[in-house]
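# Topology and contacts: notes
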Amino acid sequence: MKIRLAQVTTSRDPEENLDIVRDAVRSAADAGARLCVLPEATMRRFGGSIVDVAEPLDGPWATAVRAAADEAGITVVAGMFTPAADHGDGESGAAERVRNTLLITGGGVEASYDKIHLFDAFGFAESDTVAPGSDPVVVDVDGVGVGFATCYDIRFPGLFQTLADRGAQLIVVPASWGRGPGKVDQWTLLARARALDSTTFVAACGQADPAASGIEITGTAPVGIGHSMVVSPTGEILDELTDAPGELTIDLDVTDLEAVRRNLPVLANRVF
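From a predicted model like this one, the values you see are computed outputs, not experimental measurements.

The subject of this paragraph is the side chain of Glu55. For Glu55, the location among the structural elements is in the loop between strand S2 (35-37) and helix H2 (60-72). With no salt bridge to any partner, buried Glu55 finds its closest opposite charge in Arg66, at an N-O distance of 9.2 Å. Within the structure, the side chain of Glu55 is placed 2.8 Å from the backbone nitrogen of Trp61, a separation counted as a polar contact. The residues contacting Glu55, other than those within four sequence positions of it, are Met43, Pro60, Trp61, Ala62, Met80, Phe81, Thr82 and Pro83.

To continue, consider the packing of helix H1 (residues 14-30) against H2. One can describe the packing of H1 onto H2 by two numbers: an axis separation of 9 Å at closest approach and a directional angle of 15°. Considered as vectors, H1 and H2 are oriented roughly parallel to each other. In the crossing of H1 with H2, the sense of the turn from one axis to the other is right-handed. Counted together, Pro14, Leu18, Val21, Arg22, Val25 and Ala29 of H1 and Trp61, Ala64, Val65, Ala68, Ala69 and Ala72 of H2 form the full contact between these two elements.

Here Phe160 shows up in helix H3 (residues 157-165). Accessibility expressed as a relative area gives 0% for Phe160, which makes it buried. When the C-alpha atoms of Phe160 and Thr75 are compared, they prove to be 21 Å apart, with 85 residues separating the residues in sequence.

This paragraph deals with the pattern of salt bridges. The tally for this structure, following the rule as stated, stands at ten salt bridges. Here Arg34 makes a salt bridge to Asp142, at a shortest N to O gap of 2.7 Å. Of this pair, Arg34 sits in the loop between H1 and S2 while Asp142 sits in the loop between strand S8 (138-141) and strand S9 (144-148); the two residues are 108 residues apart in sequence, bridging distant segments of the chain. By relative accessible area, which is 30% here, Arg34 ends up partly exposed. What emerges from the salt-bridge pattern is a single network uniting Glu40, Lys115 and Glu126.

Parameters and conventions
Residues numbered from 1 in each chain as written. Predicted model: local features only at pLDDT ≥ 70, side-chain atom pairs only at ≥ 80, totals over all residues. Heavy atoms only, no water. Helix = DSSP H or I, 4+ residues; strand = E, 2+ residues; numbered from the N terminus. Buried < 20%, exposed > 50% of the residue type's maximum accessible area, 1.4 Å probe, protein only. Lys, Arg positive; Asp, Glu negative; His and termini not counted. Salt bridge = Lys/Arg side-chain N within 4 Å of Asp/Glu carboxyl O. Polar contact = N/O pair within 3.5 Å; in protein donor to acceptor, adjacent residues only side chain to side chain. Contact = heavy atoms within 4.5 Å. Axes fitted to C-alpha atoms, helices over the stretch in contact; angles between N-to-C directions. Parallel < 35°, antiparallel > 145°, perpendicular 65-115°, else oblique. Left-handed = near helix turned anticlockwise from the far one by under 90°.

Listed below in C-alpha cells is the structure:
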C-alpha cells in the first residue's frame, strides 16, 4: 500500500487549515497514495484555546475533510478537536474539555480515534483542556490493518502491542511533538522502538517546526519539530523528513510481516 505523510505547519485558523488539508489530499492522490496522513492538531495548532474550535465528527470542519477524501477516493487521517462528554458543563456554559481526535475518513473507511495518553509533561498539561480517550482503534484500508496512536501515545508500548494484537500491520502516529533538548532523538528512538515492540510498520507524521518557515512561537505548547518518518517492523527507518514542511511517499509491502514475526516473535513471547 502506498502512503503519504504530509508534514505541514498549521495555523490557528481552522478554515485556513482546510486549504492545507485539501492541497495535501489532492497531492497524495496524484502520487497514487491510498492513505494520506496529516499531523495531530491539523484543525488548529496548539497554543491558545482549542476548546472554542471543537466540533463534532459531523460538523462543518470534519465534513469538509470528508468531502476532500471522497473526491480523491483515498483514506485521510487528520487531527482535530471534538467535544468531550463534559462539553458545555462549565459555569458559563462554555466547554470544559475536548477530545484530541483523529478523523479517519474516505476510501470506504469512516472512523475516529481519541488520544488516550495525554501530554502532561515538560511543563505542558494537555489534560487541562483535553479529556482522554479509552478505546484503541484498528481499521482496514485496502486490506491492510491500520492502527492509530497520537503523539504522546508513542511513549507507551502496551498500546502498540494491543493494536498489533487487534490486527494492525501499520500503526499511524500523527503528532505535534514538543520542542526541546534531545526531543528529536527521543521521537526517533520511540518510533523505532514501537515498531520493534509491535513488529508493525510505524508511520509517524509530525507538524513541521514553525521556525523552519520563519514563524516565531513562544510558550510551552507542543507545536512540532518535523522529522516525520516511516519505520519497518525491524526498526529500520525507511524514509524520513527534516524539520521543514514536506511530503513523504512510500510503498509498503506488508507481506513480509509474517516472516518478521516468525523470526522475532515478541508478541507471542510476551509474559506480561
